[in-house]
Amino acid sequence: MTTTYLELSEDGGGAHKFYEVTVQGLVVSVRYGRIGAAGQTQTSTFPTVQKAQAAAAKKVGEKVRKGYAPAVPGARAARAVTRRQVSSAPSTARAVAPVLWRFRTGSAAFGIHVDDDRCWVGNQSGDVYTLSHAGDVLARFNLPDGVKCLVADDFWIYAGCDDGRVYDLSSKLPFAAYDIAADVDIFWLDIHEGVLNVADRAGRLTVIDHEDEHQWSRRSRGEHAWMVRADDRAVYHGHQSGVTAYAPDGGGELWHTATRGGVLFGWQEHDAVYAGTARNTVQRLSKASGAIEATYPCDSAVYSCATSPGGRFVFAGDSSSSVYCFDRDGTRLWKLSTGGGSALSMQYRDERLYLVTTDGSLVCVDASEAAVTAAQQGTVPVARDVKLAAATPTYAPATAATAVTTVTAAPAGAVVVECVQEAGRMRVHVVSEGYEPSWNVQFPRAIREPGARYVVDALHAASGGFYRVRGDIRRLL
């Protein structure tokens, strides 16, 4: 067995990644990723030892020409991951919000998503929990690193983590669907029709398609980009100098608007984007022109914001553990204490406001008019303290060493897919009838092997000409 280990590390926050090629007989294994991380591995088998060695030499040569150099594993330390530095003061509001239930995850939480069936919360320890709307814990996902945010694309849920990967949590076997460039320090994500948009510490916007292939990137006018939202018309990028809108195809800047303070959070409705800023405001911007249409003043820096459908009500969470509600025109309707930490992210759904906070809690607030009026008068419900059951199902991401369940035949109604080599890349195509044969499948890279076949519960077509997996993944023998 022979192993060649290379690294590329640039000063000033540039690339910091490794590439390792191992040849063992007919098998060539390539491991790559950020320096200090385990990385991901791809394995190929060749008909002869000579062809395996030639393929390995070609891979090494390509990397050397790109600036990689021989190194010693472990000699160079991993770069520190940027953690959001936040402070949380006690609220000055006299009344406490009508909290229905509270679930403490054990670590500061940024990620939140609420859909028809579940509430999702992800924290800096790499834990993602799903709960019912009533506050019962349904499942737990253990991811390799801290969760920066949770985003949804139709009914697929993705978690962006500090290890530079974006994990698909839609099945029992979560997997790395996107691997962000090693020099990108993820701050926030959005996904629209399979296209991943990444905002980072350096103020860049990086756009990646469903096959994890880089499309385009731009550096905006300010650093620390905590906002990215996308639709058919544009990608809206919020940073220290305001909000910039770019054409979805990378064709250029559509507009730029300076905001009142650096952007710390973003939200979108059909015709407007909302920017929560360090200068105590939420500002509503027209998607068409970037014009500021309304300003919603708070009493401290705004860490998060959200709206009810159509922007009828605007909500904000500040650095002083308060939560606000405004009318569409900017009139403040109420300010209440969260009863805990400051809301780092939030979402409104069906007269409930869901918050994730600096103390690591997922909080469900009754945001109905009757409940808020009662709270302002000092009457609030007794919040239910949700506990994690010992028997809660727990899932971890697929890796090369994961024991994927094997089957000898595809069950009725299941779909068979196959891994194939195309132009030097491993693709996954559908074998079962009834699907477009030219479309690729978004599939775990860690378990792809040439010629391997897998059985999945279902595939769904997505815009852009690819399929997404729904349900379990099993290897077909």
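Being a predicted model, the structure only gives us computed values, none of them experimental. (Residues numbered from 1 in each chain as written. Predicted model: local features only at pLDDT ≥ 70, side-chain atom pairs only at ≥ 80, totals over all residues. Heavy atoms only, no water.)

Here's the deal with the sheet that holds strand 20 (residues 235-239)
A sheet is described by the order of its strands in space; here four strands give the open sequence 19-20-21-22, paired in antiparallel fashion. At either end of the open sheet lies a strand with only one pairing partner, and these are strand 19 (227-230) and strand 22 (253-257). The mean angle between the axes of side-by-side strands here comes to 15°, regardless of whether they run parallel or antiparallel. With four bridges connecting them, strand 19 and strand 20 associate as antiparallel partners. Bridge pairing links Ala230 to Val235 in strand 20. (Pairing = 2+ DSSP bridges. Helix = DSSP H or I, 4+ residues; strand = E, 2+ residues; numbered from the N terminus. Axes fitted to C-alpha atoms, helices over the stretch in contact; angles between N-to-C directions.)

Quick look at the pairing of strand 37 (residues 415-422)
Walk down a regular strand and you will see the side chains alternate between the two sheet faces. Taken together, the four bridges between strand 37 and strand 40 (residues 453-462) define a ladder with antiparallel strand orientation. Paired with Val417 across the strands is Tyr454, a residue of strand 40. Here six bridges tie strand 37 to strand 38 (residues 425-430), and the two strands are oriented antiparallel to one another. By the bridge assignment, Gln421 is partnered in strand 38 with Met426. The loop that links strand 37 with its antiparallel partner strand 38 comprises two residues; one of these, Ala423, has a positive phi angle of about 50°.

Focus on helix 1 (residues 49-65)
The end-to-end C-alpha separation of helix 1 is 25 Å, in line with the 24 Å expected for 17 residues at 1.5 Å each. All of the buried residues in helix 1 are Ala52, Ala55, Ala56, Val60, Gly61 and Lys63. The inward-facing, buried residues of helix 1 contact strand 1 (2-9), strand 2 (16-24) and strand 3 (27-34). Positive backbone phi, at 110°, marks Gly67, one or two positions downstream of helix 1. (Expected span 1.5 Å × (residues − 1). Buried < 20%, exposed > 50% of the residue type's maximum accessible area, 1.4 Å probe, protein only. Contact = heavy atoms within 4.5 Å.)

Quick word on the sheet that holds strand 35 (residues 394-395)
With mixed pairing, the five strands of this open sheet are ordered in space as 7-8-9-10-35. The open sheet has two edge strands with one neighbour each: strand 7 (109-114) and strand 35. Note that strand 8 (residues 119-123) and strand 9 (residues 127-131) share four bridges and pair antiparallel. When the sheet's bridge partners are listed, Trp120 is paired in strand 9 with Thr130.

Quick word on the pattern of salt bridges
Under the definition given, this model contains 21 salt bridges. The partner of Asp127 in a salt bridge is Arg140, with the nearest N and O atoms 3.3 Å apart. Here the residue Asp127 occupies a position in strand 9, and Arg140 occupies one in strand 10 (residues 137-142), the gap between them amounting to 13 residues. With a shortest N-O distance of 2.8 Å, Arg384 and Asp136 are connected by a salt bridge. Here Arg384 is found in strand 34 (residues 384-386), whereas its partner Asp136 is found in the loop between strand 9 and strand 10, with 248 residues between them in sequence. Accessibility expressed as a relative area gives 34% for Asp136, which makes it partly exposed. It is possible to trace a salt-bridge network through shared partners that takes in Asp231, Arg233, Asp271 and Lys287. (Salt bridge = Lys/Arg side-chain N within 4 Å of Asp/Glu carboxyl O.)

Comments concerning the layout of surface pockets
The calculated volume of the second largest pocket comes to roughly 1,100 Å³. Taken together, 46 residues line the second largest pocket, and the ones lying closest to its centre are His113, Ala152, Asp153, Asp154 and Gln347. Those elements giving two or more residues to the lining of the second largest pocket turn out to be strand 7, strand 10, strand 11 (147-153), strand 15 (186-192), strand 19, strand 23 (263-268) and strand 31 (343-349). (1 Å grid on protein atoms, 1.4 Å probe; cavity = no way out; pocket = protein on both sides within 12 Å on 5 of 7 lines; lining within 4 Å. Points joined across faces, edges and corners; volume = space filled by probe spheres on them.)

That's the geometry; what it means functionally is another story.
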